Number of protein chains: 2
Amino acid sequence: MGSIGQWSALSQKCIDIQRKSLPAQWALPVEKLATKSGEDITSLPKTSGILSDLELQITEHDAEGIIQKYLSGDWTLNFATEFLSHEALARADELDAYFARTGKLAGPLHGIPISIKEHLEMAGKITHAGFVSKISHVSDEDALIVKLLKEAGAVLHVRTNQPQSLMHLDCDNNITGRTLNPYNLRLTPGGSSGGEGASVGFRASVMGVGTDIGGSIRVPAAFNNCYGLRPTTLRNSNWGLYGINAGQESIRGVAGPLGQSLNDLELFQKALLDQQPWDIDTTLIPVPWRDVELPTNFTIGVMMDDGMVKPHPPVLRAFESTSKKLRAAGINVVPWEPFDHKHGWDIVAALYFPDGGEGYRAEFDKTGEPELPLTTWAIQYSREQPLSVRENWSLNASREAYRKAYHQLMKERGVDVILCPAYPGAGALQGTPKYWNYTAIWNILDQPAVVMPSGLRCDKSLDKVDDTYVARSEEDKREWQAYDPELFHDFPIALQVVGKHWQDETLLKAAKKIEEAIRA
Amino acid sequence: MGSIGQWSALSQKCIDIQRKSLPAQWALPVEKLATKSGEDITSLPKTSGILSDLELQITEHDAEGIIQKYLSGDWTLNFATEFLSHEALARADELDAYFARTGKLAGPLHGIPISIKEHLEMAGKITHAGFVSKISHVSDEDALIVKLLKEAGAVLHVRTNQPQSLMHLDCDNNITGRTLNPYNLRLTPGGSSGGEGASVGFRASVMGVGTDIGGSIRVPAAFNNCYGLRPTTLRNSNWGLYGINAGQESIRGVAGPLGQSLNDLELFQKALLDQQPWDIDTTLIPVPWRDVELPTNFTIGVMMDDGMVKPHPPVLRAFESTSKKLRAAGINVVPWEPFDHKHGWDIVAALYFPDGGEGYRAEFDKTGEPELPLTTWAIQYSREQPLSVRENWSLNASREAYRKAYHQLMKERGVDVILCPAYPGAGALQGTPKYWNYTAIWNILDQPAVVMPSGLRCDKSLDKVDDTYVARSEEDKREWQAYDPELFHDFPIALQVVGKHWQDETLLKAAKKIEEAIRA
């Protein structure tokens, strides 16, 4: 057990790295930090005066067509653990030289600024995954996904923040602290890829790489008004995703992109899979990114409520509105009755900490780092005792049976994708996200899922508090009561679209069709 | 703990099923059991007089082109747990009627008689997986692979024997007893798919379905002079492979074919994968059976010795001879230096019984069934205490690192397939196979592997005992001393060819090229 002095001294090392990594000329002076609402700071890139007209044009575009560097730095959000400006500028020069010499792009992501969640290893850099005890860990080599992105021409310009334990839908740790949400500083950016959500949502990066074991790409995408994809597992490499649970395979985390558009997500996946990563990382399946067509009788199942926790009024309104637009566009829309999401939750919850959390607590004990409340919250999902290997097997078998049955049900009902919320609320106060199962259910089912803006925002004049709702449980009550029309007013509302197992390509095609319909 | 009376009474139930399932008119009279050597009975189908000329023609062909039923029954080998003559004849009639009506085959395996290892579930039948305690288990539905074979037109005519625990390279249990080897009744048919090996090797079935977690398809194929494929995992369904370790995923068993030719193995795989089983069993990867070409600079690495246990003189001779023939055919042949197979063995051995064997022993205790010596042998591979979940994770991580490194090494050395023995000896005495790692190493590496006849046989005049060999360990000594020129004289010698992870198609193509060269 370490002392308080020990853990905070260790953390200081990373705070120093963070501060020194931001060139002083890019820090905004305090007087420039005024924003339109005092809480929504997404207009800052435009109003700060620190960006040129050209740079502003760049920040208003998605990755497609951008082949120059993009640089932005705003300290307030605290989304970065380390800016890589030196490396990024050097790499940009290299790419420029390559282009000048050859007239060709170095790869499909030539010059695209991409942020990287901190726990993806980068050679020679501290990678701590949110654990103070791991500040001593310096990576030997890049994560495979980092290597592939570099090979594709990307410019990796910033490493981003994550919560302690990587198991919060929030973004606070004892090292670099709390990341804020650029759309409302009182709200959380979500997590665990909260730094990515803030960075991509704020357009400090065009794309970002997050990881997701229960919603950690999708909730940040949802809360930051951008796009995010949780791919089916075993298509993107986990090699070099640092953490303390290497070899845990019962519920797999997966790396995936956040971006400014659905095209960004597809570009990212194609850039990785075209490099045949399965011939390097033997855990991956040998399936390239495929060209697909939507099924002839393409049908969307809409699940407005998972039967456990009712979404907030603005979220329900967004799904009513979206369903109408889809029908108006001539798309088949049917209700999706959830298939025992409680059962799915019971399986996944037991698998997150099959050791009863002892591995995490042993790490905290090494330095005396305090266990944060949302870490305690996540660990209590586990059973009190560590599972035996045979109990773990039994959960694996239940998981597979559930996956098979859910897939069968989608086929029987003729539903190709499921449209559902990513979280009960459009957003959540800092420190409060506690209900995981609008996203975690698709992790236990291993179905690919994309999050995208609905184009709608919370509106206190439309989305009234409903005190007559009779909650189905304490958690349902807790989440229903979290709705606050004033707090959430004007906050963007996201959609989640869920595909069938392995059918990531069809999912993205479906999401594009949905987007066309709702933007029409 | 049950009494002896209890377990033997339970076993009697299955013996009765076995006996009644063989129509009396197909049992050979005792005077017909004379054979050429008294031990090699593979000529029995020809000499028995019980088969017509037409039937004999059928038994001398592989699956390709056979579209009629094939029936054979010989009690001596004891390879069957249950003959399915009634169902098989009814199915054959159906198929004949279909063909007469439509002029078309019902599927790519139309009428092919295929044997099924007992622990693959068949609806309405007892499935015990070699455990006396499981004789109470009647299956609700067919294993998915059984369904797919039926759909492809196969005639499933016999269920085959397996050892207690499914974890012997031998074939004895407390239910239907010991299966013998048709090439030498004193030798084991191998295991755990020993009934399959005997059935396919004796041509009682054209093809058979075995399962393999450490060599259980390949050792029976090797010891019965036929062909066998252990596919890469997650391509063939394990749904309905009955056992007591559902959810154990650290070292996966896999179902695969035994057959009369390399074409048989390919036909079988293609018949299954063309049905897109991944859209039913969500554990499977969505990769069809692919048409491939061999790499331009196709290269075979020959591993004559795994560095742990030296193969017997006839096996070494077969590999010398084969290498020469390959070179003579203009194929690139290089030596393959094994990459720390001891490390691989340490990982896989610990993963076979991570519960320290307690699950198996609990089953034996239910009826008082005696633990057979080779079960005790296999369980002692495990550590003394059950592993914790975290210890299991650590082994998983080591396994993945080993797979990645081995794959990388094959690429660096430019080797496409590895040619190696399937077992230290060409065969083994009943009850003695104890060294698994010529096959188990490819399970931990999850590389596909095919076994095929070398075309050569042990020859006491060529393959002398070498008393000068200095063994590297006690196990090396034990296996070296198991060679007996008289015992093994004229016993066939097999080859194993190992492909890269996921590259089952390339592997079969390579095996065909090797076969062409050695048959030339």
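Bear in mind that the values here come from a model prediction, so they are computed numbers and not experimental data.

1. Re the overall build of chain A
And then number 1: Within chain A, the regular secondary structure consists of 17 helices and eleven strands.
And then number 2: For a compact globule of 520 residues, the expected C-alpha radius of gyration is about 24 Å, and chain A comes in at 22 Å, within 12% of that figure.
And then number 3: In terms of its C-alpha atoms, chain A occupies a principal-axis envelope of roughly 55 × 55 × 50 Å.
And then number 4: When the 520 residues of chain A are sorted by exposure, 63% land in the buried category.

2. Comments concerning helix α14 (residues 437-444) of chain A
All names here are of chain A.
And then number 1: In terms of residue burial, α14 counts as a mostly covered element, since eight of its eight residues are buried.
And then number 2: Among all positions in α14, only Asn437, Tyr438, Thr439, Ala440, Ile441, Trp442, Asn443 and Ile444 are buried.
And then number 3: The first or second residue beyond α14 is Asp446, which carries a positive phi of 50°.

3. Quick notes on the pairing of strand β9 (residues 417-420) of chain A
All names here are of chain A.
And then number 1: Neither face of β9 is exposed, since Val417 and Leu419 on one face and Ile418 and Cys420 on the opposite face are all buried.
And then number 2: Relative to β9, strand β7 (residues 299-302) is paired through three bridges, and the arrangement is parallel. Within β9, the position partnered with Val302 by the bridge is Leu419.
And then number 3: As defined by bridge partners, β9 adjoins strand β11 (residues 492-498) across three bridges and the pair is classed as antiparallel.

4. Concerning the pattern of salt bridges
And then number 1: Overall, the coordinates contain 64 salt bridges over all chains when judged by the stated rule.
And then number 2: Where Arg472 of chain A meets Asp476 of chain A, a salt bridge forms, and the shortest distance between an N and an O atom there is 3.1 Å.
And then number 3: The exposure class of Arg472 of chain A is partly exposed, given its relative accessible area of 42%.
And then number 4: Note that Asp463 of chain B is salt-bridged to Arg317 of chain B, the shortest N-O span being 2.5 Å. You can see Asp463 of chain B sitting in the loop between β10 (449-457) and α15 (474-481) and its partner Arg317 of chain B sitting in helix α9 (residues 313-328), a full 146 residues away along the chain.
And then number 5: For Asp463 of chain B, a relative accessible area of 2% translates into the label buried.
And then number 6: Sharing partners across several salt bridges, the network here consists of Glu82, Glu87, Glu118, Lys125 and Arg159 of chain A.

5. Here's the deal with the interface of chain A and chain B
And then number 1: Between chain A and chain B, the contact holds 39 residues from the first and 38 residues from the second.
And then number 2: Summed over both partners, the interface of chain A with chain B comes to about 3,600 Å²; 56% of that surface belongs to carbon and sulfur atoms.
And then number 3: With a closest N to O distance of 2.4 Å, Glu249 of chain B and Arg399 of chain A form a salt bridge.
And then number 4: Taken together, the elements giving at least two residues each to the side of chain A that touches chain B come down to α11 (358-367) and α13 (389-413) of chain A.
And then number 5: Looking at which element gives the most residues to the side of chain A that touches chain B, the answer is α13 of chain A, with 14 residues.
And then number 6: Residues that form the side of chain A that touches chain B fall into these classes: 15 nonpolar, twelve polar and twelve charged.

6. Overview of the sheet that holds strand β2 (residues 113-117) of chain A
All names here are of chain A.
And then number 1: Sheet architecture is open: eleven strands sit in the order β1-β3-β2-β4-β6-β5-β10-β11-β9-β7-β8, paired in mixed fashion. Two strands close off the open sheet at either side, each with one partner strand: β1 (80-83) and β8 (332-335). Recorded for the sheet is a direction-independent mean angle of 30° between the axes of neighbouring strands.
And then number 2: Docked against the sheet, α14 engages β4 (207-212), β5 (227-230), β9 and β11, running at close to 20° with respect to β11.

7. A short note on the UniProt feature "active site" (unreviewed entry) in chain A
All names here are of chain A.
And then number 1: In the numbering used here, UniProt assigns the feature "active site" (unreviewed entry) to Lys117, Ser192 and Ser216. Across 100 residues in sequence, these annotated residues keep their C-alpha atoms within 10.9 Å of one another, forming a single compact spot.
And then number 2: Note on placement: Ser192 falls in the loop between β3 (155-160) and α6 (194-201).
And then number 3: Looking at Ser192, the relative accessible area reads 1%, which means it is buried.

8. Remarks on the sheet that holds strand β11 (residues 492-498) of chain B
Residues and elements named next belong to chain B.
And then number 1: Reading across the sheet, the eleven strands line up as β1-β3-β2-β4-β6-β5-β10-β11-β9-β7-β8 and stay open at both edges, with mixed pairing between neighbours. Of all strands in the sheet, those with a lone pairing partner are β1 (80-83) and β8 (332-335), marking the two edges. Pairwise comparison of adjacent strand axes, ignoring direction, gives a mean angle of 30° for this sheet.
And then number 2: By the bridge criterion, seven bridges tie β10 to β11 in an arrangement that is antiparallel. Bridge pairing links Val450 to Val497 in β11.

9. Notes on the relation of the copies chain A and chain B
And then number 1: Rotating chain A by 180° and moving it 0.0 Å along the rotation axis overlays it on chain B with an RMSD of 0.0 Å. Taken together, these values place the two copies in the relation of a two-fold axis. Considering only C-alpha atoms, the part of chain A nearest the rotation axis is Val389 of chain A, at 2.7 Å.
And then number 2: With an isologous cut-off of 70% or more, the 97% of interface residues of chain A that recur at the interface of chain B puts this contact in the isologous class.

10. Notes on the pairing of β7 of chain A
Residue and element names in this part refer to chain A.
And then number 1: The side-chain alternation of β7 yields two buried faces, one formed by Thr299 and Gly301 and the other by Ile300 and Val302.
And then number 2: Relative to β8, β7 runs parallel, the two being bridged by four bridges. Bridge pairing in β8 places Thr299 opposite Asn332.
And then number 3: Viewed along the sheet, the connection from β7 through helix α9 (residues 313-328) into β8 turns out right-handed.

11. Focus: the environment of Ala204 of chain B
Residue and element names in this part refer to chain B.
And then number 1: With respect to the helices, strands and loops of the structure, Ala204 is situated in the loop between α6 (194-201) and β4 (207-212).
And then number 2: Taking the relative accessible area as the measure of exposure, Ala204 reaches 1% and is therefore buried.
And then number 3: For the pair Ala204 and Asn332, spaced 128 residues apart in sequence, the C-alpha separation works out to 38 Å.

12. Topic: the packing of aromatic side chains
And then number 1: Scanning the entire structure with this criterion turns up 38 aromatic pairs over all chains.
And then number 2: Both rings, one in Trp345 of chain A and one in Trp436 of chain A, keep their centres 6.4 Å apart while their planes meet at 65°; by these two values the pair is edge-to-face. With Trp345 of chain A in helix α10 (residues 341-352) and Trp436 of chain A in the loop between β9 and α14, this pair connects stretches of sequence that are 91 residues apart.
And then number 3: Assessed through its relative accessible area of 13%, Trp345 of chain A is described here as buried.
And then number 4: Residue Trp436 of chain A is classed as buried on the basis of its relative accessible area of 3%.
And then number 5: One aromatic cluster in this structure is built from Trp336, Phe339, Tyr402, Tyr406 and Trp442 of chain A.
And then number 6: Over the ring of Trp336 of chain A we find Arg413 of chain A; its NZ or CZ atom is 4.3 Å from the centre of that ring.
And then number 7: Positioned over the ring face of Trp377 of chain B is Lys434 of chain B, at 4.6 Å from the centre of the ring.

13. Points about the packing of α10 of chain A against α14 of chain A
For any two helices packed against each other, the geometry comes down to the angle between their axes and how far apart the axes lie.
All names here are of chain A.
And then number 1: Orientation of α10 relative to α14, taken along the N-to-C sense of each, is 75°, at an axis distance of 9 Å. With respect to their mutual orientation, α10 and α14 come out roughly perpendicular. Residue-level contacts link His341, Gly344, Trp345, Ile347, Val348, Leu351 and Tyr352 of α10 to Asn437, Ala440, Ile441, Trp442 and Ile444 of α14.
And then number 2: Partitioning the contact of α10 with α14 into residue classes produces nine nonpolar, three polar and no charged.

14. A short note on the environment of Glu87 of chain A
And then number 1: Inspection of the secondary structure assignment puts Glu87 of chain A in helix α4 (residues 85-102).
And then number 2: The class for Glu87 of chain A is partly exposed, based on a relative accessible area of 35%.

15. Observations regarding the side chain of Asn173 of chain A
All names here are of chain A.
And then number 1: Examined against the element boundaries, Asn173 turns out to sit in the loop between β3 and α6.
And then number 2: The class of Asn173 is buried, set by a relative accessible area of 4%.
And then number 3: In terms of polar contacts, Asn173 uses its side chain to reach the side chain of Asn161, at 2.9 Å.
And then number 4: Discounting residues that sit within four places of it in the chain, Asn173 has contacts with Gly130, Asn161, Gln162, Pro163, Gln164 and Leu372.

16. Section: α11 of chain A
All names here are of chain A.
And then number 1: Along α11, the positions that sit buried rather than exposed are Gly359, Tyr360, Glu363, Phe364 and Thr367. Relative to the axis of α11, the buried residues are bounded by an arc of 140° and lie together on one face.
And then number 2: Following α11 by one or two positions, Gly368 has its phi on the positive side, about 80°.

About the thresholds
Residues numbered from 1 in each chain as written. Chains lettered and ligands numbered in written order. Predicted model: local features only at pLDDT ≥ 70, side-chain atom pairs only at ≥ 80, totals over all residues. Heavy atoms only, no water. Helix = DSSP H or I, 4+ residues; strand = E, 2+ residues; numbered from the N terminus. Rg over C-alpha atoms; globule rule 2.2 N^0.38 Å. Buried < 20%, exposed > 50% of the residue type's maximum accessible area, 1.4 Å probe, protein only. Pairing = 2+ DSSP bridges. Salt bridge = Lys/Arg side-chain N within 4 Å of Asp/Glu carboxyl O. Contact = heavy atoms within 4.5 Å. Buried area = accessible area lost by both parts, 1.4 Å probe. Nonpolar A, V, L, I, M, F, W, Y, C, P; charged D, E, K, R; others polar. Axes fitted to C-alpha atoms, helices over the stretch in contact; angles between N-to-C directions. UniProt positions renumbered as here; feature names shortened; annotations may be inferred. Least-squares fit on C-alpha atoms with pLDDT ≥ 70 in both. Right-handed = clockwise from strand over helix to strand, strands pointing away. Phe/Tyr/Trp six-rings, centres within 6.5 Å; stacked < 30°, edge-to-face > 60°. Lys NZ or Arg CZ within 6 Å of the ring centre and 35° of its normal. Parallel < 35°, antiparallel > 145°, perpendicular 65-115°, else oblique. Polar contact = N/O pair within 3.5 Å; in protein donor to acceptor, adjacent residues only side chain to side chain. Arc of directions from axis to C-beta.

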